Amino acid sequence: METNSPVVNIEIKPGGPILIKSTITIKHVDGAEEIKTGVTALCRCGASANKPFCDGAHKKIDFKD
Ligand code: FES
């Protein structure tokens, strides 16, 4: 399938976050929108105190997935 959209690179880190390598807009649950550039790390362990972003807490809980 071909599109004109740019390719966005997403990497799942073993035992860690989802890395999105692109400029993205995140719409938070309160409706606020935030633009992130470069590499954005999203939490997938559930332990971050700064969701949806990774704050490194996956290391403290020894996240394995
Ligand atoms: S993946 Fe890093 S804090 Fe959850």
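Above this text is the structure in question.
Bear in mind that the values here come from a model prediction, so they are computed numbers and not experimental data. (Residues numbered from 1 in each chain as written. Predicted model: local features only at pLDDT ≥ 70, side-chain atom pairs only at ≥ 80, totals over all residues. Heavy atoms only, no water.)

Remarks on a nonpolar patch on the surface
For step 1, the next point in the chain: On the surface, Val-8, Ile-10 and Ile-12 cluster together to form a nonpolar patch covering roughly 270 Å² of accessible area.
For step 2, the next point in the chain: Position of Val-8 relative to the elements: it lies in the segment before β1 (9-12).
For step 3, the next point in the chain: The partly exposed category is assigned to Val-8, whose relative accessible area is 39%. (Patch = residues over 30% accessible without salt bridge, like charges linked within 9 Å, V, L, I, M, F, W, Y side chains within 5 Å. Areas by Shrake-Rupley, 256 points an atom, 1.4 Å probe, with all protein chains shown as cover. Salt bridge = Lys/Arg side-chain N within 4 Å of Asp/Glu carboxyl O. Helix = DSSP H or I, 4+ residues; strand = E, 2+ residues; numbered from the N terminus. Buried < 20%, exposed > 50% of the residue type's maximum accessible area, 1.4 Å probe, protein only.)

What to know about the nonpolar core
For step 1, the next point in the chain: Within the largest apolar cluster, 5 residues are counted, these being Ile-20, Ile-24, Ile-26, Leu-42 and Phe-53.
For step 2, the next point in the chain: Among residues more than four places away in sequence, those in contact with Ile-20 are Val-8, Asn-9, Ile-10, Gly-38, Val-39, Thr-40 and Leu-42. (Core = buried A, V, L, I, M, F, W, Y, C linked by side-chain atoms within 4.5 Å. Contact = heavy atoms within 4.5 Å.)

As for the side chain of Ser-48
For step 1, the next point in the chain: Relative to the helices and strands, Ser-48 is located in the loop between β5 (39-42) and α1 (57-60).
For step 2, the next point in the chain: In this structure Ser-48 comes out as buried when scored by relative accessible area, which is 4%.
For step 3, the next point in the chain: Within polar-contact distance, the side chain of Ser-48 engages the backbone nitrogen of Asn-50 at 2.9 Å.
For step 4, the next point in the chain: A distance of 2.5 Å separates a polar side-chain atom of Ser-48 from the backbone oxygen of Phe-53.
For step 5, the next point in the chain: Ignoring any residue separated from it by four or fewer positions in sequence, one finds Ser-48 in contact with Cys-43, Phe-53, Cys-54, Asp-55 and Ala-57. (Polar contact = N/O pair within 3.5 Å; in protein donor to acceptor, adjacent residues only side chain to side chain.)

Quick look at the pairing of β5
For step 1, the next point in the chain: The alternating pattern of β5 places Thr-40 and Leu-42 on a buried face, while none of Val-39 and Ala-41, on the opposite face, is buried.
For step 2, the next point in the chain: With 4 bridges joining them, strand β2 (residues 18-21) and β5 adopt antiparallel strand pairing. When the sheet's bridge partners are listed, Lys-21 is paired in β5 with Val-39. (Pairing = 2+ DSSP bridges.)

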